[in-house]
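One-letter residues, chain by chain:
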Amino acid sequence: MKQKFNKGYVECIAPSNIALVKYWGKKQTQIPLNSSISFSLSACQTKTKAEFSFGQGERNINFFFHGEKTPSFIPKIETFITRVEKLYPWLSEVEELTLKSENSFPHSSGIASSASAFAALAYCFEVTSCKLEGHEFNHSRASEAARLGSGSACRSVFGNYNLWGELSATNGNNSCSQELNNIHKNFRNVRDAICIASSGEKSVGSTAGHALMNGHVYGEQRIEQAQQNCTSLLNYLEKGDLWKAGEIIEEEALSLHALMMSSRPSFILMKPNTLKMIEIVRNFRQTQNIPVFFTLDAGPNPHIIYFEEGASLVESKLLEELRPHCEQGRIIMDSVGAGPKVLESFFE
Ligand code: DP6
């Protein structure tokens, strides 16, 4: 079929997200072994411009990262396109695809960029699909496409709090994420101060990391724990119970690292200053009676999760106490965000 357009472009911006219940372990093409819950960030994001020209020739892909031609990303993009072609069949008629991408956060910050990168790309494809085929924007399809690039990316196609993974017969599914409604006002404006314990240290790559769950000695118990934690956290998010939610958030962070420590091979990704910061957060919480918690990704940098209640004291006291334990005093200030945005699109 010949496209009605010869060429065009779409520019989108998509956020990273932080998991409160962790996705850890998957089957092929990012079918999660357990459900997960996250919130989308607002400062840490990827901006991507996708330029298309349509034709019958063989597809050529160009990739620019922060303005520099970066061919090393192209094989990953090829794989991604092969996977999403069933959702976006018009991709087979793209002769030239040029992607220009930039992250708002530094490469060495330890923040995973695959979530925001694949969410931005999937968003660009969904917008293009709407233009070419004249249908409504389909968030679930964009989320499914993002998942085929990187599992956690499916949660970045929406703003606010998200659930990904089948939780019950009527709630959640493995193919895409869904934004959670009925979040209590106590959880709105949640903040995330990302303390850079170490930027240099490489976290376990996601493929190797998830593979550690195959045959893991605690594998079955982990799935049960995560499913229960999702159900409980959903309930606390609706009721507004910050303290109970906080217990789950920290349990999940430490469970993720416990799973890595008890894998074969085993990984210790926390640094001495990671533990020091955890101790400081817990002491501060106890002495000030303020609901402030930490979480961790598959890396050494604690994310300090706090809320409207007590925010000024967390920022003036706790973060200043943590700063000397951060590499070059670096703390990235972020908060919950509204999800991706289309900046520009044009087809002719
Ligand atoms: C620890 O989404 O990066 O951040 O699906 O292989 O791309 P792939 O993995 P990825 O894994 C994220 C793992 C995590 C927890 C989470 O975000 O839920």
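Residues numbered from 1 in each chain as written. Predicted model: local features only at pLDDT ≥ 70, side-chain atom pairs only at ≥ 80, totals over all residues. Heavy atoms only, no water.

J.: I would appreciate a short explanation of the pattern of salt bridges in the present structure.
T.: Any two side chains of opposite charge can pair, on the condition that their charged atoms come close. As enumerated under the stated definition, the model contains 13 salt bridges in all. Of the charged contacts in the structure, one is a salt bridge between Arg-282 and Glu-250, with a shortest N-O distance of 3.0 Å. Of the two residues, Arg-282 sits in helix α7 (residues 272–288) while Glu-250 sits in helix α6 (residues 242–261), which places them 32 residues apart along the sequence. The shortest N-O distance in the salt bridge between Lys-276 and Glu-279 comes to 3.4 Å. Pair noted here: Lys-276 and Glu-279 are both in helix α7, with a separation of 3 residues, about one helical turn. Among the ionic contacts, a cluster of salt bridges with common partners joins Lys-49, Glu-51 and Lys-100. (Salt bridge = Lys/Arg side-chain N within 4 Å of Asp/Glu carboxyl O. Helix = DSSP H or I, 4+ residues; strand = E, 2+ residues; numbered from the N terminus.)

J.: Help me understand the packing of aromatic side chains, please; the structure alone is not making it clear to me.
T.: Remark: the centre distance and the inter-plane angle together describe each pair of aromatic rings, the angle taken between the planes. Applying the stated criterion across every chain yields a total of 19 aromatic pairs. Taking the centre distance of 6.2 Å and the plane angle of 10° together, the rings of Phe-52 and Phe-54 count as stacked. Phe-52 sits in the buried class, given a relative accessible area of 3%. A relative accessible area of 12% places Phe-54 in the buried class. Connected via pairs of aromatic rings, a cluster forms that spans Phe-5, Phe-52, Phe-54, Phe-80, Tyr-88, Trp-90, Phe-118, Phe-125 and Phe-347. The positively charged end of Lys-49 is found above the aromatic ring belonging to Tyr-9, 4.3 Å away from the centroid. (Phe/Tyr/Trp six-rings, centres within 6.5 Å; stacked < 30°, edge-to-face > 60°. Buried < 20%, exposed > 50% of the residue type's maximum accessible area, 1.4 Å probe, protein only. Lys NZ or Arg CZ within 6 Å of the ring centre and 35° of its normal.)

J.: So what exactly am I meant to see when it comes to the site of the ligand here?
T.: The environment of the ligand is made up of 16 residues, and the closest members are Tyr-23, Lys-26, Ser-150, Gly-151 and Ser-152. At a separation of 2.6 Å, an oxygen atom of the ligand approaches a polar side-chain atom of Tyr-23. Burial of the ligand by the surrounding chains reaches 91%, relative to a free accessible area of 460 Å². Residues belonging to the shell around the ligand are distributed by class as follows: 5 nonpolar, 7 polar and 4 charged. (Near = heavy atom within 4 Å. Polar contact = N/O pair within 3.5 Å; in protein donor to acceptor, adjacent residues only side chain to side chain. Areas by Shrake-Rupley, 256 points an atom, 1.4 Å probe, with all protein chains shown as cover. Nonpolar A, V, L, I, M, F, W, Y, C, P; charged D, E, K, R; others polar.)

J.: Just to check I follow, could you spell out the sheet that holds strand β11 (residues 292–295) for this structure?
T.: Working definition: the strands of a sheet are paired by backbone hydrogen bonds and lie parallel or antiparallel to each other. Ordered by their spatial adjacency, 4 strands build an open sheet running β11-β12-β10-β13, and the pairing between neighbours is antiparallel. Because the sheet does not close on itself, it has two edges, and the strands there are β11 and β13 (331–335). The mean angle between the axes of side-by-side strands here comes to 25°, regardless of whether they run parallel or antiparallel. The sheet contacts of α7 involve β10 (191–195), β11 and β12 (303–306), and relative to β11 the element is tilted by about 160°. Across the sheet, helix α8 (residues 311–322) is in contact with β10, β11, β12 and β13; its angle to β12 comes to roughly 160°. (Pairing = 2+ DSSP bridges. Axes fitted to C-alpha atoms, helices over the stretch in contact; angles between N-to-C directions. Contact = heavy atoms within 4.5 Å.)

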